[in-house]
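If you want the building blocks of each chain, they are given just below.
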Amino acid sequence: MTKLFTPNDLMRYIYQEMTEEEQDLLVQALHNDESLMEEYVEMLSTLEQLNQIKLQPSEKVVNAIKSRAQSTGLERV
């Protein structure tokens, strides 16, 4: 019986959270199932894009935090 792999299985593979046996089965499935391979490549691409995002708080948030810190008498660091 062939195991059907889910997107969750692909994420476990990407983050190396599978046993060696599971990895072997998934690699075989990737070689034999074009749509699974496409989904895997799409996930890798999405993760790469997410890793490139630089998040910064808005100036409004930073000012609100500073204002709150001043109003509570916290020491400046």
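Higher on the page you've got the structure.
Notes on the structure follow. (Residues numbered from 1 in each chain as written. Predicted model: local features only at pLDDT ≥ 70, side-chain atom pairs only at ≥ 80, totals over all residues. Heavy atoms only, no water.)

**Quick word on the overall build of the protein**
Within the protein, the regular secondary structure consists of four helices and zero strands. Element order for the protein, N to C, with α for helix and β for strand: α-α-α-α. Taking 11 Å as the expected radius of gyration for a compact globule of 77 residues, we find that the protein reaches 22 Å, considerably beyond that expectation. Expressed along its principal axes, the backbone C-alpha trace of the protein runs to roughly 65 × 20 × 15 Å. A total of 77 residues make up the protein; the buried ones form 17% of that total. Where the 7 positive side-chain charges of the protein centre and where its 14 negative ones centre are 23 Å apart. (Helix = DSSP H or I, 4+ residues; strand = E, 2+ residues; numbered from the N terminus. Rg over C-alpha atoms; globule rule 2.2 N^0.38 Å. Buried < 20%, exposed > 50% of the residue type's maximum accessible area, 1.4 Å probe, protein only. Lys, Arg positive; Asp, Glu negative; His and termini not counted. Charge placed at Lys NZ, Arg CZ, Asp CG, Glu CD.)

**Some thoughts on helix α2 (residues 20–32)**
An ideal rise of 1.5 Å per residue puts 18 Å on 13 residues; α2 measures up with 19 Å between its terminal C-alpha atoms. Taken together, the buried positions of α2 are occupied by Leu 26, Ala 29 and Leu 30. Across the axial projection of α2, the buried residues extend over an arc of 100 degrees, all falling on one side. Seen from the buried face of α2, the exposed residues on the opposite side, beyond 90 degrees, are Glu 20, Glu 21, His 31 and Asn 32. Among the structural elements, α1 (7–14) and α3 (34–52) are those in contact with the buried residues of α2. (Expected span 1.5 Å × (residues − 1). Arc of directions from axis to C-beta. Contact = heavy atoms within 4.5 Å.)

**Looking at unusual backbone geometry**
Despite not being glycine, Gln 16 shows a phi value in the positive range, around 55 degrees. Positionally, Gln 16 belongs in the loop between α1 and α2.

**Thoughts on the nonpolar core**
Grouped together as the largest cluster of nonpolar side chains are eleven residues: Phe 5, Leu 10, Ile 14, Met 18, Leu 26, Ala 29, Leu 30, Leu 36, Tyr 40, Met 43 and Leu 47. Of all the secondary structure elements, the ones that give two or more residues to this core are α1, α2 and α3. Per element, the largest residue contribution to this core is four residues, and it comes from α3. Not counting the four nearest positions on each side in its chain, Phe 5 is found in contact with Met 18, Glu 22, Leu 25, Leu 26, Ala 29 and Leu 36. (Core = buried A, V, L, I, M, F, W, Y, C linked by side-chain atoms within 4.5 Å.)

Function cannot be read off these values alone, since they describe shape.
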